[in-house]
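# Structural overview
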Amino acid sequence: MSTRAGRRWSRRLGLVGPAVVPVLVLGAFFVLPVSGMLERGFFADGSFDPGAVLEVLGRPRVHRVLWFTVWSASVGTAVAVLLGLPAAYALHRLRFPGRDLVRAALLVPFVLPTVVVGVAFRELLGEAGPLGFLGLDGTAAAIIAGLVFFNVAVVIRAVGSTWESLDPRPAEAAAALGASPWQVLWTVTLPALRPAIVSAASVVFLFCATAFGVVLTLGAPHYSSVETEIYLLTTNLLDLQAAAALSILQLVAVVALLLVAGRLRRVADPTASRVRARPRRPVRGDVAALLSTALLLVLVAAPIATLVAGSLRVDGGWSLGNYRALTTDGTHQALLVPVTDALVTSLRTAVDATWMSLTLGLLVALVVTRRSRTRAERRVRIGLDGFFMLPLGVSAVTLGFGFLITLDHPPLDLRDSPMLVPIAQALVALPLVVRTIAPVLTGIDDRQRQAAASLGAGPLRTLLTVDLPVVWKPLLAAAGFAFAVSLGEFGATSFLSRDEHPTVPVVIYRLIDHPGPMNYGMALAASVVLAATTALVMLLVERLRVPSVGSL
């Protein structure tokens, strides 16, 4: 009896122990800021006043902002799915020279800083840009193009990961029975891919609806989404209660979207089986998918190539002057510190955010993926999984705003702490880290851990000898994702970054906001440096790619 009780307590300790630190961190740096934001929205002058939220939501400008957010996100999602599906097929079911390089190249836009994406499209669509004759600069079409550019990689990676493990035999059987390629696609393949497509579309819609840097750079001052409106209300108009009301609305809408998407994702075809199918050589019927992928590659490369070319142009000639100017503070003292100092700050901040998110993500993944032996344990793990994914339902701008209004007084006064920005960036990257590691830990046969335990290995030794050899590559990939996301994070950082220690995305936006050709050239050069750094990290991540990484 004592041995059984000891095992029960050991299981409970194994469940509670790793969860303590993540629960405390999310309680302090997520629950507390969100609670403060709710208080700011519903309480006026110390008394409960829900009418203030309704008054804000009844403003005509808020209606226009909501409508633009919904329709631009819907159109951006539809276009990203239509362009991403053929590329997902070509890059995950076909084998051709340069396939891995194309796949890595199409992944890069997703991790590019949103400010860089905005600057690249301004350079491409501006009056002096190669596509300036289209007259799209400053229009909603330019914003949607930026959203599609940024998010099409999500569709390719999420749907492609499922497509490459789809059993080809049902499609082959349908073709053998006389079904045309389109009938096979419509009746066999798409139903099997439906959960992955729904998952990717819901995530893309979420990213489009909460886009900040792209809309702020390409749309201001004519177009505003909920994210940019929260930023403008906070920084320009100092209307914190209105910003809190919009943050509450966004929080409710995003959580509802995640719940609906999670429910739709569970509706899978029970007859679909998963095997690792070997890519085959293209045939005549694959020409359309290959041409679509090539067109997408051109569309993705055009803004980046224009950005690089623009950074090398000074007074009508080719020069490295914009790059040499990165050691200055720009014209009319646009910056308090040079871009090179901001780059050092960005790298240091990203390193701190990476180890934080990786430590928390590994602990969370261990907690939610261990086998539950009782119904109570299973319920606790499901509850913890939902709790740890809560940051996914809150935009970076909302999180930064919550930090701003709650972490400047006791019990947590972090106004002058250099760790405030890394903590916010770590929370932004945390869901991505967990979703990268957890599928791999789930795939490990629990009998291996039981065998190690029966041979006398403790929990730590079991972790080192059973889990670590399998999970080390996804761990490195997750670290790369977290580093790249932190390096380009702009939403929360724009609220929290101190003037004397800005990050590169913040100084790029400040340079754009200050007139002058030298400032604009410096913004282009800084964008290229930041894009090259994140692209290099993502190429290394792609080298560490495992089939489960990237599924949503």
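The rules behind the values
Residues numbered from 1 in each chain as written. Predicted model: local features only at pLDDT ≥ 70, side-chain atom pairs only at ≥ 80, totals over all residues. Heavy atoms only, no water. UniProt positions renumbered as here; feature names shortened; annotations may be inferred. Axes fitted to C-alpha atoms, helices over the stretch in contact; angles between N-to-C directions. Helix = DSSP H or I, 4+ residues; strand = E, 2+ residues; numbered from the N terminus. Parallel < 35°, antiparallel > 145°, perpendicular 65-115°, else oblique. Contact = heavy atoms within 4.5 Å. Nonpolar A, V, L, I, M, F, W, Y, C, P; charged D, E, K, R; others polar. Domains from an automatic or database assignment. Buried area = accessible area lost by both parts, 1.4 Å probe. Polar contact = N/O pair within 3.5 Å; in protein donor to acceptor, adjacent residues only side chain to side chain.

Where an unreviewed UniProt entry is consulted, the chain appears under the name Thiamine transport system permease protein, with the organism given as Nocardioides panaciterrulae. Note on the chain: under the UniProt heading Sequence similarities (unreviewed entry), the record states "Belongs to the binding-protein-dependent transport system permease family."

## Looking at the packing of helix α10 (residues 226-235) against helix α16 (residues 396-406)
Orientation of α10 relative to α16, taken along the N-to-C sense of each, is 25 degrees, at an axis distance of 9 Å. It follows that α10 is roughly parallel to α16 by the angle criterion. Seen from α10, the contacting residues are Glu-227, Ile-230 and Thr-234; seen from α16, they are Ala-396, Val-397, Thr-398, Phe-401 and Leu-404. Looking at the contact of α10 with α16 residue by residue, the classes come out as five nonpolar, two polar and one charged.

## Quick word on unusual backbone geometry
With a phi close to 50 degrees, Asp-315 is a non-glycine residue in the positive phi region. Structurally, Asp-315 can be placed in the loop between β3 (313-314) and β4 (317-318).

## Here we look at the domain arrangement of the chain
Per the domain assignment, the segments making up the chain are domain 1 (13-58 + 319-551) and domain 2 (61-316). Spacing between the C-alpha centres of domain 1 and domain 2 amounts to 21 Å. Facing the 55 residues of domain 1 at the interface are 53 residues of domain 2. When domain 1 packs against domain 2, the two sides together hide about 4700 Å² of surface, and 71% of this comes from carbon and sulfur. On inspection of domain 1 and its partner domain 2, the count reaches six residue pairs in polar contact (both at pLDDT 80 or more). Take the side of domain 1 that touches domain 2: its biggest share by element is twelve residues, from helix α22 (residues 517-543). The class makeup of the residues in the side of domain 1 that touches domain 2 is 37 nonpolar, 15 polar and three charged.

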